[in-house]
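# Coordinate analysis (summary)
For reference, the chains in residue letters:
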Amino acid sequence: MVLRPAFTLGGTGGGFAYNEEELVEIGLNAFNLSPVHQVLVEKSVKGYKEIEFEVMRDSNDHAITICGMENIDPVGVHTGDSMVVAPIMTLNDADQKMLNGSAIKIIRELKIEGGCNVQFALNPHSSEYFLIEVNPRVSRSSALASKASGYPIARVTAKIAMGMALEEIQIANTTAAFEPRLDYVVAKLPRFPFDKFSTAANTLGTQMKATGEVMGIGSDLEECLLKSVRSLENGAYHFYLSKFDGMTTEDMLSYVNVFRDDNFFAIAELLRRGIEVSKIAEITQITPFFLEAGARIIGMEHRLAANPGDPDILVEAKRMGFSDRYTAKLWGMQETELRKLRREKGIFPVFRMVDTCHTGAYVPYFYSSFTGKNDSILTAKRKIVVLGADPIRIGQGVEFDYSTVHAVNTIRSLGYEAIIINNNPETVSADYTTADKPYFEPLTPEDVMNILEFEKPEGVIATLGGQTAINLAKPLMERGVKIIGTDCDAIDKAENRDLFETQPEGKAVTRIEDGIEAAAKIGYPVLVRPSFVLGGRAMQIVANETQLVQYLKTAVEIDADKPVLVDKYIQSREVKVDAICDGHDVFVPGIMELVERTGVHSGDSISVYPTFSISDKVKGIILQYAKKLGLGIGIIGLFNIQFIVDKNDKIVHHRGQPPLLPHRSLPVQGHRLLPGRHCHGGHPGQEPEGAGHLPHLSRRKAALVCQGARVLLQQDSRSGRLPVPPK
């Protein structure tokens, strides 16, 4: 049976019980987590197909279906953790009409006004079905359905709440009463935080574990799946992970018998080894239709490997969604060489419109494809491209969506055409009403360059989309793209520790032996971390040589291009500033102080404004340093700096966060300092008038993502989305 606590989000506290002992264990926890201390005890339908419908109803009882979605994973994996496709692909007409009709009957019977998500479990061998749940509100699935269909669910729901009928709400050149029809395929893949919790089991169940998700749009299932996988920012750019190379086939078959975060990667490896789709389907309970798509991808791998340089097969591979990077690997060449070959042969994508109303209206919302005709219309306006931030994950969250939305609004207000590239369906920046042109594409050099070569913008802003966008700056610049705002030279300077005077004693090392020597000279404990990371990823405090050697061998890649930084660990107070530099002046809206000691990542620590233990003298020095750093590095735009203040008020520059990115505290500063209220009279390099003496206290507290794992907070961030700061 399955236990589900009432009124919890993401399946929190639920699970499958296979005996009385598990029933008691799960039940006690479920009762404790339910705010009304109520638990649903239900028949298990684990292994059934999971089908979702996003439906809408107004006060006139007019109800429509916006999007039908099918989970690739069977019932037993929370829908937020499952791979999901739209439209529904494996149901016969009778079953689809039956479930769709039930969803409409439910929203009418419950008299829900606005958007609603309905989830069903369908027996894969009959038409028997069960209702899993009804969400009488917008949900994560609503965001996915909205981006997948181009139907603005939240906006329409808000207008229905104000009393408007579907026929009265305008969308494109029609009304909200239309039912979208998809002529493309969408795939959603979840982004998990297991890279932050290496000791936690990567098994999946009814409790949601994903922190975010990506969406790929393509002409067929294979294309959108491959687009999605290279959008995950988990080191993979194809359905291939090296971790499975050393596993035996028997071990892998046992591995996929349990729901896990990387099962589809393991399945791809099993298909490479010739395991039949029917056997994998029997073990995983995944519908063979989806496994056959994986088999076609593997089949194309074999064809590419057997025919290096063949342009006809290359065209077929590109239509299937293969990246230049993986194709180049199969052909034994560099990605840039393959790109050159593709250009010589005239193999370019077109940009197709997400058009689900089919009225002939021009809706500037696009995805790339190597089939069909181009729908994106070039304008004579000067253009600026803003790079988005990929999936929400620990260390990279809403602050970057916040920043890109404000950037797009500003670009448009200055008369430029604002173009956004993103692949996260949860973001506001990727909504087709935010920018002049959103492109829903992976954030890789290849996919971004395809758009830039078509649009030919004035420049690209790479510092507002988190580490994802920062990492794209150099490869784009090397391909001739102008990076505006903070450029690549400034980015490199910000990571060059030799240019900084006030910093902990430390050294960048490229060999394990050098790391041991540096730590011995500095003295333990030391703080170790890779360069060019976000959210303190893989950052640790190590106490002795044994721990250091283990870290350098297992936690990070270390070579000449990827040095590891070994710093003296200083236990003291930590403060941080968000600032903005225009190349001539620096403005600092405020200084925040962390409640926890150094050693806890600033994203996980409670932050308070104004500071509570820092003297005016120290504040003045911090402001001077902020101005010198902003101008000295060559920053044009936002930056964040973290400082350590010891008991003698000595200040040390502590770069726990790449300083060129909008920090998590940026939305906090934005909410705290209302434009025009506290910023008037501010001078460059100074806090705004009244800073430190505002009539309220602001506190920011992290929402930790570590349920089910015993976690000690340290330099590697463990928190996800942040709550809005109270005043």
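Now for a quick tour of the structure. Computed from a predicted model, the values in this text were never measured in an experiment.

## Considering the packing of helix α9 (residues 288–306) against helix α10 (residues 311–320)
Their axes nearest at 10 Å, the elements α9 and α10 cross at an angle of 155°. By the angle class used here, α9 and α10 are roughly antiparallel. Regarding α9 and α10, the two cross each other, and that crossing is left-handed. Residues R296, I297, M300, R303 and L304 of α9 pack against I313, E316, A317 and M320 of α10. Looking at the contact of α9 with α10 residue by residue, the classes come out as six nonpolar, no polar and three charged.

## Focus: the sheet that holds strand β21 (residues 526–530)
Read across the sheet, four strands follow the order β20-β23-β21-β22 without closing on themselves; strand pairing throughout is antiparallel. Of all the strands in the sheet, just β20 (506–509) and β22 (540–542) have a single pairing partner and so form its edges. On average, each strand axis in the sheet is tilted by 25° relative to the strand beside it, whichever way the strands run. Pairing analysis gives four bridges linking β20 to strand β23 (residues 564–568), with the strands arranged antiparallel. Residue pairing across strands places G506 opposite D567, the latter belonging to β23. Sheet strands touched by helix α17 (residues 512–522): β20, β21 and β23. Its angle to β20, the strand with the most contacts, is close to 175°.

## Quick look at the environment of G583
Position of G583 relative to the elements: it lies in the loop between β24 (573–581) and β25 (586–594). Among the residues examined, G583 registers a relative accessible area of 37% and is labelled partly exposed. Note: C-alpha distance between G583 and G485 (98 residues apart in sequence) is 9.4 Å.

## Quick notes on the nonpolar core
Counting 56 residues, the largest nonpolar core has M56, Y151, V156, L166, I217, L387 and L476 as the members making the most contacts within it. With five residues, the top contributor of residues to this core is helix α15 (residues 466–478). Aside from chain neighbours lying at most four places away, what touches V156 is M56, Y151, L166, I169, I171 and A176. Residues L253, L291, L314 and A317 belong to the second largest nonpolar core, which totals 52 residues.

Scoring rules and cut-offs
Residues numbered from 1 in each chain as written. Predicted model: local features only at pLDDT ≥ 70, side-chain atom pairs only at ≥ 80, totals over all residues. Heavy atoms only, no water. Axes fitted to C-alpha atoms, helices over the stretch in contact; angles between N-to-C directions. Helix = DSSP H or I, 4+ residues; strand = E, 2+ residues; numbered from the N terminus. Parallel < 35°, antiparallel > 145°, perpendicular 65-115°, else oblique. Left-handed = near helix turned anticlockwise from the far one by under 90°. Contact = heavy atoms within 4.5 Å. Nonpolar A, V, L, I, M, F, W, Y, C, P; charged D, E, K, R; others polar. Pairing = 2+ DSSP bridges. Buried < 20%, exposed > 50% of the residue type's maximum accessible area, 1.4 Å probe, protein only. Core = buried A, V, L, I, M, F, W, Y, C linked by side-chain atoms within 4.5 Å.

Function cannot be inferred from these measures alone, as they are strictly geometric.
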